[in-house]
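# Overview (structure and organization)
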Amino acid sequence: MEINPDEIASILRERIEGLDTDSADLSEVGTVLEIGDGIARIHGVDNCMSLEMLELPHDVVGLALNLEEDNVGAVLFGDWDKVSEDDTVKRTGKLLEIPVGEELLGRLVDPLGRPLDDKGDINTTETRSAEHKAPGVVHRQPVVEPMQTGLKAIDSMIPIGRGQRELIIGDRQTGKTAIAIDTIINNRDSDLVCIYVAIGQRMSTVVQVMETLEENGAMDNTIIVAAPADEAAPIKYMAPYAGCAMGEHFLYQGKHALCIYDDLSKHAAAYRQMSLLLRRPPGREAYPGDVFYLHSRLLERAVKLSDEEGGGSLTALPVIETQAGDISAYIPTNVISITDGQIFLESDLFYSGVRPAINVGTSVSRVGGNAQTKAMKKVASQLRLDLSQYRELEAFAQFGSELDPETQKQLARGERMVEALNQKERQPMPVAEQVTSIFAGTAGYLDRIKTERVTEFLGDLISRLHSENKDLLDRINESGDLSDEDEQALAKSIEQMVDDFGPDFDEEGNPLEEGESDRVTRREEGEEPESSSGETESGDGDSGKAGDADESEADAEAEQEEAGATA
Ligand SMILES: Nc1ncnc2c1ncn2[C@@H]1O[C@H](COP(=O)(O)OP(=O)(O)OP(=O)(O)O)[C@@H](O)[C@H]1O
Ligand SMILES: [Mg+2]
């Protein structure tokens, strides 16, 4: 065939003129300019949105964070080290989406919803945007329902409502995680879905948390989102937003969810690392300028929706770790100012045996009061004040000066209240039991019992109520209220129990001598008739458990008591 150059030229001209440039949008595709440390600089994706997902080779996903004049800075998820310069990048036009749904319940997943446990695939059908605009004020209503933690010290003095944001703050190893886990366990049979987001913790710790929850039957309505310490910073950065999106799935169905972010200090550190690699200018403590926005946009998503919006709630319990109790550092002050109150845990209190180690003076719940159960309100209204006064007096009494009887009485009451509020971990209590313990203290019944025996007394009291007066406990638990008749019935049971248990002091607060208390009679009938002849009764009620230290303490007390009796 003969080739005519003119013909070819005219064909080419036709083709070029007819080219439809609109159908091929070159601004949607770019190339990698530079890559390293899980960060890519991309040229060419002109219309890219902030926080948009980008498609890279080898199934790597990018998240556009820096939109600059001639390039886009993105963090990468997945095997980013396989990506090299000049690789093609495609826009997806979508913001980051997280798989959500009931299928995730009972599972341990990474922030992108992929399973980290060995329970098989998760077949979710729905997704939600990781970042979601928090509902405005017209879509909200005040916090009114209680979110019970099952911890006496919290539910009585720092009540948390559904939809509230309450910060748990304290040094390392002060029991922050324990509070969160106890709250999940306490809600195992309620309608609250719990999402525990572990950021920057060791994977073994996270697995341990999961095992604890499983042992306590609390994993069925719980999702654990883990971004362990060895993960890349972008994954840690994503984790709380992913957890929040999973919670919002339930929230917008009119259900109730609780998100625990453990902890946001490590989250901020991951964000700082990312920002520095993206060459954003460092500010105070080298955090980027928008680190406040990082946490505020997350915590603003906690909400109690209005009834028109379904009335669902999302409660947030962020955790912050402080250094040497310094709550005025940058991240702690930020998060304190974003939340509706804080539970402040102190190492000193922890080591002195207060569990949970809550500093009542600096802890507060600014909106939960309306959400407290009526029964608890009735018995605990004075508690905060009494305890704060006790702490002040205690510091004062250390100087060893002579104290007037009134002060001594306040000190004695305070000591017993602290003891009554102590609670072992993994043992959350229903409302009725909490109310009983606190009522026994605030109404003065514990004043007749020695501080060391308070825990034992309360244990006995509650088990007796369970066997003899279960209706009363059930009534309080169901109604959340304490009617006057019930209060009287409770008072009567406690009084009876004090007599049967064997009080150490009479009604005026004078120590009882041997033989005057039922307990002594009981003991004489019992196992150790010989052990305490010639001694006063003090300290021997629990002699089985008492070590040498206790004995010498008991002796000292006996002397004191004698002195008191002669005076
Ligand atoms: N109420 C409690 N009763 C007894 N032990 C407790 C109680 N609360 C916490 N603990 C113990 O104290 C230790 C620290 O608790 P936890 O891990 O909850 O602290 P944390 O502040 O989360 O620590 P980290 O800073 O390492 O995350 C644990 O060994 C835990 O068993
Ligand atoms: Mg912890």
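Located above this text is the structure these notes cover.
Each value, and the rule that gives it
Residues numbered from 1 in each chain as written. Chains lettered and ligands numbered in written order. Predicted model: local features only at pLDDT ≥ 70, side-chain atom pairs only at ≥ 80, totals over all residues. Heavy atoms only, no water. 1 Å grid on protein atoms, 1.4 Å probe; cavity = no way out; pocket = protein on both sides within 12 Å on 5 of 7 lines; lining within 4 Å. Points joined across faces, edges and corners; volume = space filled by probe spheres on them. Helix = DSSP H or I, 4+ residues; strand = E, 2+ residues; numbered from the N terminus. Buried < 20%, exposed > 50% of the residue type's maximum accessible area, 1.4 Å probe, protein only. Pairing = 2+ DSSP bridges. Core = buried A, V, L, I, M, F, W, Y, C linked by side-chain atoms within 4.5 Å. Contact = heavy atoms within 4.5 Å. Nonpolar A, V, L, I, M, F, W, Y, C, P; charged D, E, K, R; others polar. Axes fitted to C-alpha atoms, helices over the stretch in contact; angles between N-to-C directions.

With that out of the way, let us pick up the layout of surface pockets. Of the voids in this model, the second largest pocket is the one considered here, and its volume is about 910 Å³. Lining the second largest pocket we find 32 residues, and of these Gln173, Gly175, Lys176, Thr177 and Ala178 sit closest to its centre. Looking at the lining of the second largest pocket, the elements that each hand over two or more residues are α3 (176–186), α4 (203–215) and β15 (313–321). Considering every element that reaches the lining of the second largest pocket, the biggest residue donor is α3, with six residues.

Attention now moves to the pairing of strand β13 (residues 256–262). Among the seven residues that make up β13, seven are buried, leaving the element largely enclosed by the rest of the structure. With burial as the criterion, each face of β13 is covered, one bearing His256, Leu258, Ile260 and Asp262 and the other bearing Ala257, Cys259 and Tyr261. By the bridge criterion, six bridges tie β13 to β15 in an arrangement that is parallel. The partner of Cys259 across the bridge, within β15, is Ala316.

This paragraph deals with the nonpolar core. If you look at the biggest cluster of nonpolar residues, it comprises 75 residues, and the most contacted ones within it are Leu213, Ile224, Ile343, Phe457 and Ile494. Not counting the four nearest positions on each side in its chain, Leu213 is found in contact with Ile181, Ile184, Ile185, Ala218, Met219, Thr222 and Ile224. One finds Val75, Ile98, Ile122 and Ala257 within the second-largest nonpolar core, a separate group that totals 61 residues.

This next bit is on empty space enclosed by the protein. In total, this model carries four cavities of 30 Å³ or more according to the counting rule given. Quantified by volume, the largest cavity comes out at close to 120 Å³. Lining the largest cavity, in full, are Ala153, Met157, Val354, Arg355, Pro356, Ile358, Val360, Leu387, Arg391, Val418, Leu421 and Asn422. Only α2 (152–157), α11 (383–397) and α12 (405–421) provide two or more residues apiece to the lining of the largest cavity. Taken together, the residues of the lining of the largest cavity sort by class into nine nonpolar, one polar and two charged. Its volume calculated, the second largest cavity comes out at about 60 Å³.

This part covers the sheet that holds strand β2 (residues 39–43). The strand order around the closed barrel formed by six strands is β1-β2-β5-β4-β3-β6, and the pairing between neighbours is antiparallel. Neighbouring strand axes in the sheet, compared pairwise and without regard to direction, differ in orientation by 45 degrees on average. Relative to strand β5 (residues 72–77), strand β4 (residues 61–67) runs antiparallel, the two sharing six bridges. Note on β5: the bridge partner recorded for Gly62 is Leu76. On top of the sheet, helix α5 (residues 233–251) reaches β4 and β5; it is set at about 85 degrees to β5, its chief contact.

Further remarks concern unusual backbone geometry. Glycine aside, a negative phi is what most residues show, and trans is what most peptide bonds show. Asp263 follows Asp262 through a cis peptide bond whose omega is 0 degrees. Examined against the element boundaries, Asp263 turns out to sit in the loop between β13 and α6 (264–277). Here the bond from Arg355 into Pro356 is cis, since omega is -10 degrees, no more than 30 degrees from zero. Within the secondary structure, Pro356 sits in the loop between α9 (347–351) and β17 (364–365). Backbone geometry places Asp37, a non-glycine residue, at a positive phi of 55 degrees. As for its placement among the helices and strands, Asp37 is situated in the loop between β1 (29–36) and β2. Look at Asp37 and you get exposed, because its relative accessible area is 54%. For Ala286, which is not glycine, the phi dihedral falls at a positive 65 degrees. Tracing the chain through its elements places Ala286 in the loop between α6 and α7 (291–299). Of the residues examined, Ala286 reaches a relative accessible area of 29% and is grouped as partly exposed.

On their own, these measurements won't tell you what the molecule is for.
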